[in-house]
Amino acid sequence: MSDQSAASRLHVFKTYKLYVGGKFPRSESGRVYEVTAKTSSGGKGKWLANAPLSSRKDARDAVVAARKAFGGWSGATAYNRGQILYRVAEMLEGRREQFVREVGEAEGLSKSKAGAVVDAAIDRWVWYAGWTDKIGQIVGGANPVAGPFFNLSTPEPTGVVTVVAPQESSFLGLVSVIAPVIATGNTVVVIASERSPLPALSLGEVLATSDLPGGVVNILSGKAGEMGPHLASHQDVNAIDLAGADAALAKELEIAAADNLKRVLRPQPVDDWSADPGTSRMTAFLETKTVWHPTGSLGAGGSSY
């Protein structure tokens, strides 16, 4: 192709869409909002795209998809979940340059700094992939009982979790709150960073090609203040992570979540999302099931079995 024809070629702009139930719908409201690059000074830069402005109906659809996917995902073996999370890392590695560009524009970072963020996010998927079949050994086990019984405690996923993603760390922070939720067998509805939603919406494209069943992760873009209260009060949402909510919104959502006794993870200041995350975000959305079983009558002759 000659330089002249390349210069006259019409650039194809990317249409960003939601990721709900394994599909890529536009917002049912038809609304969009302007997303611009962040400059090094923190100001408003060039126009990047129009992102979907999700509605209450979109949020309800995402919860339906997450609930539908919960049985199959929570019932999968921990090893299989680990394989799929590792596959996400593989696919991200193949699209690294795209995410370096998107994260750089979203967060006002140089190419080298954006590359470090993307690499840390890929590594984070691998890290949680390794935990899927080990977390049960950390938080479960056999319990000593003073009687002719034995009992075992095992962790089980809470269910459908709503996550308000971090506002400033649009990709590494996002991965750091999604991965632990699904690693332990939950399904998730994510409200992406309002100012910088594009890395999150592109992540949906990666998840769709990573063997992850549709509905396990659902990504919405728009205003957390608009969708959050409906998700926090939704009777089919079992827990909510307020990582990206400011103090006023967090208080509002926590009050709404009390209606059906949701488990709430309050906002926790994170200075460095690349630091060792520990296991706290995995255990935050696990329930403990304890099973008792008689051992039979024990006496001088030993067990009755």
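Asks: Any chance you could explain the sheet that holds strand 8 (residues 239-241) here in plain terms?
Replies: Each strand in a sheet pairs with its neighbour through backbone hydrogen bonds, running either in the same direction (parallel) or in the opposite one (antiparallel). Reading across the sheet, the five strands line up as 7-6-5-8-9 and stay open at both edges, with parallel pairing between neighbours. If you trace the sheet from one side to the other, it starts and ends with strand 7 (217-220) and strand 9 (263-265), each paired once. Neighbouring strand axes in the sheet, compared pairwise and without regard to direction, differ in orientation by 15° on average. Note that strand 5 (residues 160-164) and strand 8 share three bridges and pair parallel. Counterpart to Val-163 in the pairing with strand 8 is Asp-241. Sheet strands in contact with helix 2 (residues 56-75) are strand 5, strand 6 (187-191) and strand 7, and its direction is about 155° off that of strand 6.

Asks: What is the right way to look at the pattern of salt bridges in this model?
Replies: Two side chains with opposite charge may pair up if their charged atoms get near one another. The full count for this structure, using the stated rule, is 18 salt bridges. Its salt-bridge partner being Glu-90, residue Arg-87 comes within 2.9 Å of it at the nearest N-O pair. Here Arg-87 and its partner Glu-90 are both found in helix 3 (residues 78-94), three residues apart, which amounts to about one turn of the helix. Residue Glu-90 is classed as partly exposed on the basis of its relative accessible area, which comes to 38%. Each of the salt bridges in this network shares a partner with another, and the network as a whole consists of Lys-14, Arg-95, Glu-102 and Glu-205.

Asks: Hey, could you run me through the sheet that holds strand 3 (residues 141-143) in this one?
Replies: Pairing in this open sheet of three strands is antiparallel, and the strands run 3-4-10 from one edge to the other. Single-partner strands in this sheet number two, and they are strand 3 and strand 10 (286-294). Strand-to-strand twist of the sheet, defined as the mean angle between neighbouring strand axes without regard to direction, takes the value 30°. Alignment of strand 4 (residues 149-157) against strand 10, held across nine bridges, turns out to be antiparallel.

Conventions adopted
Residues numbered from 1 in each chain as written. Predicted model: local features only at pLDDT ≥ 70, side-chain atom pairs only at ≥ 80, totals over all residues. Heavy atoms only, no water. Pairing = 2+ DSSP bridges. Helix = DSSP H or I, 4+ residues; strand = E, 2+ residues; numbered from the N terminus. Axes fitted to C-alpha atoms, helices over the stretch in contact; angles between N-to-C directions. Contact = heavy atoms within 4.5 Å. Salt bridge = Lys/Arg side-chain N within 4 Å of Asp/Glu carboxyl O. Buried < 20%, exposed > 50% of the residue type's maximum accessible area, 1.4 Å probe, protein only.

In short, shape yes, function no, at least from these values alone.
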